[in-house]
Amino acid sequence: MLEKTLWHPVALSHAVGAQPMAVHLLGEELALWRDGEGAAHAWADQCPHRGARLSLGRVAEGQLECPYHGWRFDADGQCTHVPAVPDFQPSARHRARTFDTREAYGMLWVRLAAPEAGASPLHDFPLFAAEAEPRLRKTTSGPYLVAASAPRIIENFLDMAHFGYVHEGWLGSRAHTTVPPYKVEPTPHGVLATGCLAWQPRSSIHAASGAQVEYTYEVTSPYMAVLTKQPEAGSTAIEGLWESIAMFVCPVTEESSVAWTRMAMNDFESPDARLISFQDTIFGQDQPVLESQRPKRLPLAPDAEVHSAADRMSAAYRRYLRDRGIQFGVIT
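A brief look at the structure comes next. What you see is a predicted model, and the numbers here were worked out from it, not measured in a lab. (Residues numbered from 1 in each chain as written. Predicted model: local features only at pLDDT ≥ 70, side-chain atom pairs only at ≥ 80, totals over all residues. Heavy atoms only, no water.)

Side note on the pattern of salt bridges
The cut-off we apply is this: When a carboxyl oxygen of Asp or Glu is within 4 Å of a side-chain nitrogen of Lys or Arg, the pair counts as a salt bridge. The way it works is that DSSP assigns letters per residue, a run of H or I at least four long becomes a helix, a run of E at least two long becomes a strand, and they are numbered from the N terminus. Accessibility here uses a 1.4 Å probe with only protein chains present; expressed as a share of the type maximum, an area under 20% marks a residue as buried, one over 50% as exposed, and anything in between as partly exposed.
A full pass over the atoms with the stated rule returns 19 salt bridges. Lys4 is the salt-bridge partner of Glu28, the closest N and O atoms lying 3.5 Å from each other. Here Lys4 lies in the segment before β1 (8-12) and Glu28 lies in strand β3 (residues 28-34), a separation of 24 residues in the sequence. By relative accessible area, Glu28 is classed as buried at 16%. On the accessibility criterion, Lys4 (26% relative accessible area) is partly exposed. When the shortest N-O distance is used, the salt bridge between Glu65 and Arg58 registers 2.9 Å. Taken together, the salt bridges that share partners define one network made up of Arg58, Glu61, Glu65 and Arg72.

Take a look at the structure:
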């Protein structure tokens with residue numbers, strides 16, 4: 001499965017500690033933990049001995065200990081000790097199944113299988129350029145557990161036409177629902193939309209009145225998208241510096257997901273709780289609509305659902321998924 005060769009977010013970095021943590025990715029059950037050096041690991045949540053969940057175990061002397069018989073495994077997954085037979089020397093077969101991990105954007109990312117040599121840019125690590133801008137403040141909201149497929153969540157994130165209805169009084173108004181034409185073009189990693197204009201009564205927690213706001217949207221991997229916003233004059237700490245919000249989605253099953261938003265904000269006064277509360281409100285408005293959509297998986301056939309000119313970014317996203325062979329969470 002192509003999706004197993006891609007990088008996916010599975011947890012906030014600070015949430016992964018010495019106590020093992022259970023998560024799900026692409027139908028796989030994983031155990032996350034940190035060794036004595038602080039390095040994060042993602043393993044199949046199944047002891048190779050008798051199949052107990054390793055996430056129920058503990059970290060002892062920097063190694064993961066199975067809760068059932070106390071077998072210990074080092075950072076590479078190799079069994080180092082079998083308490084019932086202290087003199088036993090475990091072979092190479094006595095090892096846990098391990099996966100590649102990487103920490104970025106305040107998240108732990110996992111790849112279940114390595115891509116083939118010379119793989120396309122789709123396999124590169126997803127890009128969130130604003131993370132590298134030191135003048136922007138970073139914080140994260142979520143996790144949001146959603147009974148919807150990951151592509152449905154990303155498509156919703158890219159959609160401006162719902163602002164006046166789902167986010168009325170916050171990001172939109174029923175009196176200003178027109179979506180002017182905007183430009184969409186493919187990139188090596190995904191899709192880019194520029195010149196996206198939306199009238200918003202409260203485009204940020206600092207907005208005091210309505211304004212026409214310009215957005216740029218970019219899909220940087222099948223289950224990740226970034227919006228960059230030109231803030232209203234006088235509403236930010238540094239004039240001319242655009243803010244960005246990334247939507248990270250973990251595809252748990254084909255019809256359920258976990259999502260986070262990573263914010264790179266031009267705001268150094270509001271407490272984290274206020275910034276996160278704003279995002280919680282917006283996502284909380286989206287969630288019941290997302291969970292109501294049928295079919296839950298995103299249909300990619302051009303005639304499966306009807307469209308309008310305001311859906312050009314959505315249409316481009318669906319073509320991107322279809323052309324790149326994405327199958328998890330979609331109906332082809």
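Re helix α4 (residues 312-324)
The line we're drawing: The span one expects for a helix is its residue count, reduced by one, times 1.5 Å. The contact definition used throughout considers only heavy atoms, calling two residues in contact when any of these lie within 4.5 Å.
Taking 1.5 Å as the rise per residue, α4 with 13 residues should run 18 Å; its terminal C-alpha atoms sit 18 Å apart, in good agreement. The complete set of buried residues in α4 reads Met313, Ser314, Ala316, Tyr317, Arg318, Tyr320 and Leu321. Packing partners of the buried residues in α4 comprise α1 (150-157), β12 (183-186), β13 (191-200), β14 (211-221), β18 (298-299) and β19 (330-331).

Re the side chain of Arg318
With respect to the secondary-structure elements, Arg318 resides in helix α4. Given the relative accessible area of 7%, Arg318 is considered buried. Apart from residues no more than four positions distant in its own chain, Arg318 is found in contact with Arg152, Glu155, Leu298, Pro299, Leu300, Glu305 and His307.

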